[in-house]
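Chain by chain, the residues run as shown.
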Amino acid sequence: LSVFKPAEVVNEPLICPEAKTIEKVIEKIVRVTVPVPVPAKTGGKLDLPIIGEVETVQVEPSKLRYAARIDTGAESSSIHAENIQLVERDGKKSVVFSLRDPATGALVTLERKFRRRVIIKQKVGKPERRYVVKLWLTLGKVKELVEVTLTNRSDFKYKLLIGRNLLIDTAIVDVSRKNTLKPLK
């Protein structure tokens with residue numbers, strides 16, 4: 001067994017030694033501005049413009065401007081047209097149709113040379129027969145005469161769909177962007 005002995009009682013006050021500074025810590029708040037990366041405007045070997053899933057496209061000669069859906073899955077471009085009629089004058093076929101001005105809602109009637117009729121397979125429903133005409137389309141700095149199918153796109157948000165027939169060797173599409181091109185003058 002161990003024997004417990006009481007500690008000696010000292011009547012002197014306890015004095016703590018003075019603290020020594022081992023390391024000095026200074027906290028300082030520094031505000032750092034991190035630059036936001038600017039998305040690339042051109043890319044690829046051909047230095048093509050990078051466009052978004054929706055861009056403004058002008059249709060000539062009517063100068064109608066549409067918010068157009070850019071669709072790399074579509075082979076050809078198509079536009080909402082009304083009052084579509086195939087007519088023949090002096091043995092030459094042409095298509096008379098109306099485009100609705102997105103700004104005013106007014107109908108603009110155009111007549112273009114009949115190119116051909118195509119059958120478009122759709123995801124839902126039956127295949128659709130459409131007339132094909134050529135229209136000048138301006139997308140940014142690019143202006144091209146492109147074959148466009150005429151159809152009823154009234155149920156779609158975008159009345160103009162731009163397909164690969166305009167996009168190939170013209171632009172790179174980044175679907176995470178919209179309206180990347182400068183507005184048309």
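A brief look at the structure comes next. On a predicted model such as this, the values are computed, not experimentally measured, just so you know.

Here is what the cut-offs are and how they apply
Residues numbered from 1 in each chain as written. Predicted model: local features only at pLDDT ≥ 70, side-chain atom pairs only at ≥ 80, totals over all residues. Heavy atoms only, no water. Salt bridge = Lys/Arg side-chain N within 4 Å of Asp/Glu carboxyl O. Helix = DSSP H or I, 4+ residues; strand = E, 2+ residues; numbered from the N terminus. Buried < 20%, exposed > 50% of the residue type's maximum accessible area, 1.4 Å probe, protein only. Pairing = 2+ DSSP bridges. Axes fitted to C-alpha atoms, helices over the stretch in contact; angles between N-to-C directions.

1. Observations regarding the pattern of salt bridges
One pass over the full model with this rule turns up eight salt bridges. Measuring nitrogen to oxygen at the nearest pair gives 3.0 Å for the salt bridge that ties R100 to E82. With R100 in strand β7 (residues 92–100) and E82 in strand β6 (residues 82–89), this residue pair connects regions lying 18 residues apart in the sequence. In this structure, the salt-bridge partner of R177 is D174, at a minimum N-O distance of 3.2 Å. Assessed through its relative accessible area of 18%, R177 is described here as buried. The class of D174 is partly exposed, set by a relative accessible area of 24%.

2. Quick look at the sheet that holds strand β1 (residues 42–43)
Taken together, three strands build an open sheet; the order of strands is β1-β2-β13 and the sheet is mixed. Every other strand in the sheet has two partners, leaving β1 and β13 (172–173) as the edge strands with one partner each. Relative to β13, strand β2 (residues 48–51) runs parallel, the two being bridged by two bridges. Across the sheet, I51 pairs through a bridge with V173, a residue of β13.

3. A word on the sheet that holds strand β8 (residues 107–113)
One open sheet accounts for three strands, arranged β6-β7-β8; its pairing is antiparallel. The open sheet terminates on both sides in strands that have one partner only, identified here as β6 and β8. If you compare each strand with its neighbour and ignore which way they point, the axes differ by 20 degrees on average. As paired strands, β6 and β7 are joined by six bridges and run antiparallel to one another.

4. Digging into unusual backbone geometry
Residue P61 is reached from E60 by a cis peptide bond, and omega for that bond is 5 degrees. Considering the arrangement of structural elements, one finds P61 in the loop between β3 (54–60) and β4 (64–70). Located in the positive-phi region is D90, a residue other than glycine, with phi close to 55 degrees. Assessed through its relative accessible area of 81%, D90 is described here as exposed. If you check the backbone angles, D169 has positive phi at about 60 degrees while not being a glycine.

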